[in-house]
Amino acid sequence: MNKPYTAEHAFARGGVAVRASLLKAASAVCAAAALAFAVQPAQAADAANGKVLADSHNCAACHGVNLNKPVSPDYPKLAGQHADYVYWALRQYQMGNGNPNFGRSNPIMQAQVQSLSERDLKDLAAYVESLKGDLVEKK
Ligand code: HEC
């Protein structure tokens, strides 16, 4: 059966793979310690690396200075947006038309994200959230 693809699926699958390889590597040492290690949260997103990526991929060429002043009103302001939302939006552009249920088919953004890894998307999302934006009032 074809189950709908969700972010939870992707995370769950990644988690199982990581856990499996960790267990294998550590089984000679101590399986209990490996299990404890495997349930630790994934490495936190790195906003500083997100800035490096945003600079090298020229995100500001369209989304403007500090991703807050788009060059055209039909381009979105990004600064301050929740990282979870930004990450998911970027994943959706990667999926594009290939996933009619979850993909976003925008040829401009699809071209921007194809070369980026999952980790890159998370770092970019953390960077976007860290920026001060016109649309978001931080309380
Ligand atoms: C060539 C211009 C261009 C570049 C470069 C560009 N973007 Fe975009 N971006 C757009 C446009 C246009 C949209 C709106 C697309 C749509 O309608 O779905 C968009 C949408 C987005 C969105 C969705 C915003 C929302 O509120 O849903 C995110 C997130 C985003 N871009 C992040 C980035 C990042 C990160 C980079 C650099 C890696 C980048 N963009 C580079 C033009 C660009």
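### Details of the overall build of the protein
Tallying secondary structure elements over the protein gives seven helices and zero strands in all. Going from the N terminus to the C terminus, the protein shows its helices and strands as α-α-α-α-α-α-α. Each of the 139 residues in the protein was classed as buried or not, and the buried ones make up 17%.

### Here we look at the environment of Ile-108
Within the fold, Ile-108 resides in helix H6 (residues 107-113). Between the C-alpha atom of Ile-108 and that of Tyr-93, which follows or precedes it by 15 residues, the distance is 9.3 Å.

### What about the nonpolar core?
Counting 17 residues, the largest nonpolar core has Ala-83, Val-86, Tyr-87, Leu-90, Leu-124, Ala-125 and Val-128 as its most contacted members. Among the secondary structure elements, those contributing two or more residues to this core are helix H5 (83-95) and helix H7 (118-130). Among all residues touching Leu-90, those that are not within four sequence positions of it are Val-113, Leu-121, Leu-124 and Ala-125.

### Some details on the site of the ligand
Near the ligand lie 19 residues; those nearest to it are His-57, Cys-59, Cys-62, Ala-89 and Asn-106. Of all the elements in the fold, those that place two or more residues in the shell around the ligand are helix H4 (60-63), H5 and H6. Classifying every residue of the shell around the ligand gives 13 nonpolar, five polar and one charged.

### Description of unusual backbone geometry
Most peptide bonds take the trans form, and the phi angle of most residues other than glycine is negative. The phi dihedral of Asn-58 is positive, around 60°, even though this residue is not glycine. By the element assignment, Asn-58 lies in the loop between helix H3 (47-56) and H4. Assessed through the 10 C-beta atoms surrounding it within 10 Å, Asn-58 is described here as exposed. We note that Leu-67 has phi near 55°; this positive angle belongs to a residue other than glycine. Within the fold, Leu-67 resides in the loop between H4 and H5. By C-beta crowding, Leu-67 is classed as buried, having 23 other C-beta atoms within 10 Å.

### Considerations on the packing of H5 against H7
Look at H5 against H7: their axes get within 8 Å of each other, and the N-to-C directions meet at 140°. The pairing of H5 with H7 is recorded here as oblique in orientation. Crossing of H5 over H7 shows right-handed handedness. From H5, Ala-83, Val-86, Tyr-87, Leu-90 and Arg-91 reach across to H7, where they touch Leu-121, Lys-122, Leu-124, Ala-125, Ala-126, Val-128 and Glu-129.

### A short note on the packing of H3 against H7
The interhelical angle for the contact between H3 and H7, taken along N-to-C directions, is 100°, at an axis separation of 7 Å. One finds that H3 runs roughly perpendicular with respect to H7. Of the residues in H7, those touching H3 at Ala-47, Asn-49, Gly-50, Lys-51, Leu-53 and Ala-54 are Asp-120, Asp-123, Leu-124, Ala-126, Tyr-127 and Ser-130. Residue classes in the contact of H3 with H7 are distributed as six nonpolar, three polar and three charged.

About the thresholds
Residues numbered from 1 in each chain as written. Predicted model: local features only at pLDDT ≥ 70, side-chain atom pairs only at ≥ 80, totals over all residues. Helix = DSSP H or I, 4+ residues; strand = E, 2+ residues; numbered from the N terminus. Buried ≥ 20, exposed ≤ 12 C-beta atoms within 10 Å, placed from the backbone. Core = buried A, V, L, I, M, F, W, Y, C linked by C-beta atoms within 7 Å. Contact = placed C-beta atoms within 7 Å. Near = placed C-beta within 6 Å. Nonpolar A, V, L, I, M, F, W, Y, C, P; charged D, E, K, R; others polar. Axes fitted to C-alpha atoms, helices over the stretch in contact; angles between N-to-C directions. Parallel < 35°, antiparallel > 145°, perpendicular 65-115°, else oblique. Left-handed = near helix turned anticlockwise from the far one by under 90°.

By themselves these figures say nothing about function.
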